[in-house]
Amino acid sequence: MPDAARACFMTVDVEDWFHSYNYGPLVSRDHWPNYESRVERNTERVLDILARCSVRGTFFVLGWVGERFPHLVRRVAGAGHEVASHGYWHEPVYSLTPDAFRDDVQRSKAVLEDVTGLPVLGYRAPCFSITNWALPILREAGFTYDSSFFPLTAHDRYGRLEGIEPNAGPFEVIEGLTELCISCLPAGPVALPWGGGGYFRLVPFGLWRLGIERILRRGAPYIFYIHPWDMDPGQPHMAGMGRLNAWRQRVNLSRCAERLEALAGAFSWQPIGEALAAPRAAPSAPRPAPLPTGAVSMAGRA
Ligand SMILES: [Zn+2]
């Protein structure tokens, strides 16, 4: 088993196209049942790609999706992937009270554990919206790791953990809870978002791959994320979106499946929970030198 501090983690945030924050107030959860659901076919495309590449990863499933498509969650688990939680309602953590956050994560965990019969150990906050006060609540709810912090110094939607160095990890962020930051790439005075999603669709694949190799050479793990809708050019258009958000949602959708397959075949991946449980996966790995504090805000979504 590779050392978790130098591993590559393939992660999938399982949600439908209309869960994206790019739609903002255009979509309310009261209307979710009215939209065309494409999460099942899109997640199955991801599963097929990973199967062709013999890759196993971690799927952070939205509780609302898991409740409606339990057979899909069981297929994910049956293929050898880890099932983890993306919350239930896809609300930003910083928009909730602690009690509402506790209810949301407990509900999602219960749904997914009921469906799979397996413990759910990992959590990823919607839109990387993690905040410090949420960490003890995750631990109390029975999670052992969080992979929600995108260590950019500025972004219009992401959350923040104070005192955390970029690309550190995995490390024990509070007692009993390991944090795995989303990967960033140092580039001169800034740290570029190099974790996946819209950034992965935007950057040419050859350059993206070189960036991963550079991150790994620094001794950090590489943590990649993708949404099933990131590779669905047939997802509906929604009237009323601003130009920036429409671009964030749709740039290079048609190229993403091919790129994902190339990426999956280019590195050695493993589920997060499995790596953290391995004897060599020290939970408090030495932290690499901090990255420069600049940041770029482009097309990433969680
Ligand atoms: Zn999400």
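Residues numbered from 1 in each chain as written. Predicted model: local features only at pLDDT ≥ 70, side-chain atom pairs only at ≥ 80, totals over all residues. Heavy atoms only, no water.

Identification of the protein as Chitooligosaccharide deacetylase from Chelatococcus composti is taken from an unreviewed UniProt entry. In its Function (unreviewed entry) section, the UniProt entry covering the protein states "Is involved in generating a small heat-stable compound (Nod), an acylated oligomer of N-acetylglucosamine, that stimulates mitosis in various plant protoplasts." Its UniProt record, at the heading Sequence similarities (unreviewed entry), says of the protein: "Belongs to the polysaccharide deacetylase family." (UniProt positions renumbered as here; feature names shortened; annotations may be inferred.)

S.K.: What should I look at first to understand the overall build of the protein in this one?
M.R.: Secondary structure summary: the protein contains 10 helices and 11 strands in total. Out of the 302 residues belonging to the protein, those deemed buried represent 58%. Pairs at least 24 residues apart make up 78% of the contacts formed inside the protein by residues separated by at least 6 positions. Accessible surface for the protein amounts to roughly 11,500 Å². Of this, 53% is attributable to carbon and sulfur atoms. (Helix = DSSP H or I, 4+ residues; strand = E, 2+ residues; numbered from the N terminus. Buried < 20%, exposed > 50% of the residue type's maximum accessible area, 1.4 Å probe, protein only. Contact = heavy atoms within 4.5 Å. Areas by Shrake-Rupley, 256 points an atom, 1.4 Å probe, with all protein chains shown as cover.)

S.K.: Would you explain the packing of aromatic side chains in this entry?
M.R.: Centre distance and the angle of the planes are the two values used to describe a pair of aromatic rings. Counted by the stated rule, this structure contains 24 aromatic pairs. Plain terms: the ring middles of F18 and W32 are 6.5 Å apart, the flat faces sit at 45° to each other, and that makes the pair tilted. Of this pair, F18 sits in the loop between β1 (8–14) and α1 (39–52) while W32 sits in the loop between β1 and α1, and the two are 14 residues apart along the sequence. In this pair, the class of F18 matches that of W32, namely buried. An angle of 80° between the planes, with centres 5.8 Å apart, marks the rings of F101 and Y123 as edge-to-face. One end of the pair, F101, is in helix α4 (residues 98–116); the other, Y123, is in strand β4 (residues 122–123), with 22 residues separating them in the sequence. Here F101 falls in the buried class, since its relative accessible area comes to 0%. Look at Y123 and you get buried, because its relative accessible area is 1%. Chaining the aromatic ring pairs together yields one cluster made of W17, F18, Y23, W32, Y35, W64, Y88 and W89. Of note, R29 hangs over the ring of W89, and the distance from its end group to the ring centre comes to 4.0 Å. (Phe/Tyr/Trp six-rings, centres within 6.5 Å; stacked < 30°, edge-to-face > 60°. Lys NZ or Arg CZ within 6 Å of the ring centre and 35° of its normal.)

S.K.: Got a minute to help me understand the packing of helix α3 (residues 70–78) against α4 in this structure?
M.R.: A pair of packed helices can be characterised by two numbers: the angle between their axes and the separation between those axes. Relative orientation of the contacting elements α3 and α4 amounts to 70°, with a least axis distance of 9 Å. In this view, α3 runs roughly perpendicular relative to α4, as classed from their interaxial angle. Remark: the crossing between α3 and α4 carries right-handed chirality. Residues P70, V73, R74 and A77 of α3 lie in contact with α4, whose contacting residues are L112, V115 and T116. Of the residues contributing to the contact of α3 with α4, the split by class is 5 nonpolar, 1 polar and 1 charged. (Axes fitted to C-alpha atoms, helices over the stretch in contact; angles between N-to-C directions. Parallel < 35°, antiparallel > 145°, perpendicular 65-115°, else oblique. Left-handed = near helix turned anticlockwise from the far one by under 90°. Nonpolar A, V, L, I, M, F, W, Y, C, P; charged D, E, K, R; others polar.)

S.K.: What is the right way to look at the pattern of salt bridges in this model?
M.R.: Note that side chains of opposite charge can pair when their charged atoms are close. Going through the model one piece at a time under the given rule, you end up with 15 salt bridges. Between R124 and D13 there is a salt bridge; the shortest N-O distance is 3.0 Å. Here the residue R124 occupies a position in the loop between β4 and α5 (134–140), and D13 occupies one in strand β1, the gap between them amounting to 111 residues. Between R41 and E36 there is a salt bridge; the shortest N-O distance is 3.5 Å. Assessed through its relative accessible area of 38%, E36 is described here as partly exposed. Three or more residues joined by partner-sharing salt bridges are found here, namely E36, R38, R41 and D232. (Salt bridge = Lys/Arg side-chain N within 4 Å of Asp/Glu carboxyl O.)

S.K.: Quick question: what am I supposed to make of α1 here?
M.R.: Think of an α-helix as turning once every 3.6 residues; residues three or four places apart then point the same way. Between its first and last C-alpha, α1 extends 20 Å over 14 residues, near the 20 Å set by a 1.5 Å rise per residue. Where α1 is concerned, the buried positions are V39, N42, T43, V46, L47, I49 and L50. For α1, the angular spread of buried residues about the axis comes to 160°, placing them on one side. Exposed positions of α1 whose direction lies more than 90 degrees from the buried face are A51 and R52. Residues of α1 that are buried make contact with β1, β2 (58–61), α2 (63–68), α3 and α9 (256–266). Looking at the residues trailing α1, positive phi occurs at S54, about 55°. (Expected span 1.5 Å × (residues − 1). Arc of directions from axis to C-beta.)

S.K.: Can you walk me through the pairing of strand β10 (residues 222–226) in this structure?
M.R.: If a strand is regular, its side chains alternate between the two faces of the sheet. With 5 of 5 residues buried, β10 is to be regarded as a mostly interior element. Along β10, one buried face is formed by Y222, F224 and I226 and the opposite face, lined by I223 and Y225, is buried too.

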